[in-house]
Amino acid sequence: MQNPKNMLASITGNTKILGVIADPVSQARTPAMANTLLDERGLLGAFVMLPMQVSAEDFPAFFTGLRALKNFGGAVVSMPHKIITASLVDELTPEARLVGAVNVVRRNSDGRLIGTMLDGEGFVAGLAGAGYSVKGAHVLLVGAGGAASAIAFALAKNGCVSLSIQNRAPERARGLLERVTHVYPQVEGTTEIHATSHYDIAINGTSLGMKPNDDLPISKSLIARCDLIAECVIAPEMTPLLQEASDQGKVVHTGVPMLAAQMNLMLAFMGAE
């Protein structure tokens, strides 16, 4: 691995710029993880990944500006931009079209921007790497945004028996569930939680937990009826949800494995391999 001075010296006018676009972006681990991998592969200098904080209001104009940046190679797209990005790219992969959201964009040599979605398979792979399988599981998923949508489809694809989706906007939960069960009709889907409901896996697919004063995305009483509590929030790694679940003696799974499982796929999609 290069020392810091050599790393900076390797960045030239030919360097392809990769981004992590989010708001906020200060908590993002992706740049450090990606640049470490690029360095290990001898590609740091040919590519470099930078954090890019862009508000939802400014995002469409910013995205248009990326088309003019000829040394832009691609970007990881994070909250809250995943759904809007699907309407801004020139082409969607089948995965992104199915989910209706994008978390990685690449710029082709002809300037076209292509979007894909890797959150779902990354989440399932992260669980599998920790020894947990979704096959045959009864799952509770909180959220209906880009990441949650990708996870919902991946859970169904990988064999969960039932999927309960909860969201602050119930109509979005119902809409996502309808889309998932249309493609995977064998999955028992619901947006209702009963007093006797028990879940093998409960997943926070929202951004709740990134800020210290956020509400718990899953109530304490419902945590008690779940075996494994899993996060999509990466920082802080031990969110209030996971801390509460741990205090209740539940098995917890942080958001970091989801990102780690995606890193190779993300870099490959952006041409950094």
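Every value quoted in this text rests on a predicted model; they were computed, and no experiment measured them. (Residues numbered from 1 in each chain as written. Predicted model: local features only at pLDDT ≥ 70, side-chain atom pairs only at ≥ 80, totals over all residues. Heavy atoms only, no water.)

## Observations regarding helix 11 (residues 256-269)
With 14 residues, helix 11 should cover 20 Å at 1.5 Å per step; its first-to-last C-alpha distance of 20 Å lies within 8% of that length. Of all the bends found along helix 11, the most pronounced is centred on methionine 263 and spans about 40°. Taken together, the buried positions of helix 11 are occupied by Val256, Met258, Leu259, Gln262, Met263, Met266, Leu267 and Phe269. Note on helix 11: the residue one or two positions beyond its end, glycine 271, has a positive phi of about 85°. (Helix = DSSP H or I, 4+ residues; strand = E, 2+ residues; numbered from the N terminus. Expected span 1.5 Å × (residues − 1). Bend = angle between axes of the 7 residues up to and from the residue. Buried < 20%, exposed > 50% of the residue type's maximum accessible area, 1.4 Å probe, protein only.)

## Considering the nonpolar core
Grouped together as the largest cluster of nonpolar side chains are 51 residues, with contacts concentrated most on Phe123, Val139, Ile151, Leu155, Leu163 and Ile203. If one sorts the elements of this core by residue count, helix 7 (residues 146-157) sits on top with 8 residues. Among residues more than four places away in sequence, those in contact with isoleucine 151 are Asp119, Gly120, Phe123, Leu141, Ile203, Cys232 and Met258. Of all hydrophobic cores here, the second largest spans 25 residues; its members include Leu18, Ala34, Leu118 and Met266. (Core = buried A, V, L, I, M, F, W, Y, C linked by side-chain atoms within 4.5 Å. Contact = heavy atoms within 4.5 Å.)

## Regarding the UniProt feature "domain: Shikimate dehydrogenase substrate binding N-terminal" (unreviewed entry) in the protein chain
When the UniProt feature table is mapped onto this chain numbering, "domain: Shikimate dehydrogenase substrate binding N-terminal" (unreviewed entry) sits at residues 20-105. In residues 20-105, helix accounts for 35% and strand for 23%; the two terminal C-alpha atoms are 10 Å from one another. (UniProt positions renumbered as here; feature names shortened; annotations may be inferred.)

## Points about the pairing of strand 3 (residues 72-77)
Counting buried residues along strand 3, 6 of its 6 residues qualify, which places the element largely inside the surrounding structure. Of the strand pairs in this sheet, strand 1 (residues 16-22) and strand 3 are connected by 5 bridges, and their pairing is parallel. Considered in strand 3, the bridge of glycine 19 is made with alanine 75. One ladder, built from 3 bridges, connects strand 3 with strand 5 (residues 104-107); its direction is antiparallel. What sits directly across from glycine 74, in strand 5, is arginine 106. (Pairing = 2+ DSSP bridges.)

## Describing the packing of helix 6 (residues 119-129) against helix 7
Contact pair helix 6 / helix 7: the axes reach a minimum separation of 7 Å and the direction vectors enclose 60°. In terms of orientation, helix 6 and helix 7 fall into the oblique class. Of the two elements, helix 6 crosses helix 7, and the hand of that crossing is right-handed. Residues Asp119, Gly120, Glu121, Phe123 and Val124 of helix 6 touch helix 7, and the partners they reach there are Ala147, Ala150, Ile151, Ala154, Leu155 and Lys157. Taken together, the residues of the contact of helix 6 with helix 7 break down into 7 nonpolar, 1 polar and 3 charged. (Axes fitted to C-alpha atoms, helices over the stretch in contact; angles between N-to-C directions. Parallel < 35°, antiparallel > 145°, perpendicular 65-115°, else oblique. Left-handed = near helix turned anticlockwise from the far one by under 90°. Nonpolar A, V, L, I, M, F, W, Y, C, P; charged D, E, K, R; others polar.)

## What to know about the packing of helix 6 against helix 11
Between helix 6 and helix 11, whose axes approach to 7 Å, the crossing angle comes to 115°. Here helix 11 runs roughly perpendicular to helix 6, going by the angle between their axes. As for the relative orientation of helix 6 and helix 11, their crossing is right-handed in sense. Where helix 6 approaches helix 11, its residues Asp119, Gly122, Phe123, Ala125 and Gly126 are matched on the opposing element by Pro257, Met258, Ala261 and Gln262. A breakdown of the residues in the contact of helix 6 with helix 11 according to their chemical character gives 5 nonpolar, 3 polar and 1 charged.

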